[in-house]
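# Observations on the three-dimensional arrangement
Each chain is listed here by its residues.
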Amino acid sequence: MLSVSRRLGVHGRLIGRAMHTASSVDPRDIAHFSRLADEWWNEQGEFAALHTMNRVRVQFMREKLQEVRGWDRAVAEALGRDVPLPLNSPDFLHGCSMLDIGCGGGILAESATRLGACVTGVDASADNIRVASVHAARDPSLHVRERAEDHVPASLAYLAASAESLAGRTYDIVTAMEVVEHVNQPADFLRCLASLIKPGGHLFLSTMSRTVFSYFLTIFLAEDMLRVVTPGTHRHSQYIHPFEMVDFFRSLGWIPGERDVLADRPLLPNGTPIAPLPPRLQYETRGTMYVPGLGQWILVPPRAVPNDSSSWLPSCLGGGIRPTELCNYFFWVRRPW
């Protein structure tokens, strides 16, 4: 645990805190969101930002899965193996099992179900699960499963549980959107998520960088000044930098070094190795930002802005962080086969 903390820098204690309980659930956050549970489907209320952000969540997932599937198809074709089917559109999640941790009222879970996934939405707040279940039951177009463990395409089930309680189950896709900054032991939580993903499966996260800019936008402005978010929703000390997230999964062995990428390459029929796996197909961090004039979130294009050259600045001021990731960002990583 200590070695992981050191890799994550000065604030590694947030990621590498020793386990005190069997769960990463933070009772303070669960109580907070339970009080707000009935607001989940008010698109003009407390969770309005999450409703507008849901479009870019799905966009990021679609882009990464299409990119990875395209690489897998090219490699399989070159090696003379069975070529995986291309992603269907619009139901690009068809056939995938997906676990949405911290699903809240089911905003992303319902969208993923309509896109073809067999979704299990999990939240530690029973009030959130109650609201999510009632909302889904009112929509005749949604197929709600009775048993969470069943695999039925384009279906949805909810569980009031912690991520740790699902030990032993695995899924093609695990998502935890705006969740990791609300848990007690982020390192244990991330390890738990990793254990729930099938080999070759995908993890999608969204969270916020621990910068002055994110404090100004998400706490000072949104909570204290405008009161569009209930005060106490966020704790800035629990935000996680993109490079900390990358370092954590590198320490798990999910992100290989350049030497390993070059060494572990299948051979083509003529005996030459295939092209090395590009870094963007191992992991990616991508910024997202709200544009008031448009009234919506936008997803920053991949690698549109190079890494900030002013790495001499402290990370709280953006040193070593892309300008587009100074506040909200997405993270994706694929579990090795």
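Here the structure is a predicted model, which means the values were calculated and not measured.

Quick look at the environment of Q66 now. With respect to the element layout, Q66 can be found in helix α4 (residues 48–79). Considering only alpha carbons, one finds Q66 and L87, 21 residues apart in sequence, at a separation of 6.4 Å.

A few words now on the nonpolar core. Membership of the largest hydrophobic core comes to 33 residues, with the highest contact counts inside it found for M61, L93, M98, Y158, I173 and F204. Contributions of two or more residues to this core are made by α4, α5 (107–114), α6 (126–137), β4 (155–160), β5 (171–177), β8 (296–299) and β9 (328–334). In terms of residue count, the dominant contributor to this core is α4 (7 residues). If we ignore the near neighbours within four places in the chain, the residues touching M61 are F92, L93, M98, L108, I173, T175, M177 and F204. Core analysis: the second largest hydrophobic core is formed by 32 residues, A161, C192, L196 and L205 among them.

The next subject is the UniProt feature "binding site: Mg(2+)" (unreviewed entry) in the chain. Taken from the UniProt record, the annotation "binding site: Mg(2+)" (unreviewed entry) applies to E178, E181 and H182. Among the secondary structure elements, E181 is positioned in the loop between β5 and α7 (186–195). Exposure remark for E181: the relative accessible area of 2% places this residue in the buried category. Setting aside its immediate chain neighbours within four residues, E181 contacts S206, T207, M208, Q238 and Y239. When you line up the elements, H182 lands in the loop between β5 and α7. The residues touching H182, leaving out its near neighbours within four places in the chain, are D26, D29, F33, T233, H234 and Q238. Of the polar contacts made by the side chain of H182, one reaches the side chain of D29; its length is 3.0 Å.

Inspection of the entire model under this criterion finds 9 aromatic pairs. Centre to centre, the rings of F60 and F330 are 5.2 Å apart; their planes meet at 15 degrees, and the pair counts as stacked. Here the residue F60 occupies a position in helix α4, and F330 occupies one in strand β9, the gap between them amounting to 270 residues. Three or more aromatic residues link up through ring pairs in this structure, and these residues are F248, F249, W254 and F331.

This paragraph deals with the pattern of salt bridges. This structure, assessed with the given rule, holds 21 salt bridges. The shortest N-O distance in the salt bridge between R334 and D72 comes to 2.9 Å. With R334 in strand β9 and D72 in helix α4, this residue pair connects regions lying 262 residues apart in the sequence. Close ionic contact of E284 with R286 constitutes a salt bridge, the shortest N to O distance being 2.7 Å. Through salt bridges with shared partners, a single network forms among E63, K64, E67, R280, E284 and R286.

Conventions and cut-offs
- Residues numbered from 1 in each chain as written.
- Predicted model: local features only at pLDDT ≥ 70, side-chain atom pairs only at ≥ 80, totals over all residues.
- Heavy atoms only, no water.
- Helix = DSSP H or I, 4+ residues; strand = E, 2+ residues; numbered from the N terminus.
- Core = buried A, V, L, I, M, F, W, Y, C linked by side-chain atoms within 4.5 Å.
- Buried < 20%, exposed > 50% of the residue type's maximum accessible area, 1.4 Å probe, protein only.
- Contact = heavy atoms within 4.5 Å.
- UniProt positions renumbered as here; feature names shortened; annotations may be inferred.
- Polar contact = N/O pair within 3.5 Å; in protein donor to acceptor, adjacent residues only side chain to side chain.
- Phe/Tyr/Trp six-rings, centres within 6.5 Å; stacked < 30°, edge-to-face > 60°.
- Salt bridge = Lys/Arg side-chain N within 4 Å of Asp/Glu carboxyl O.

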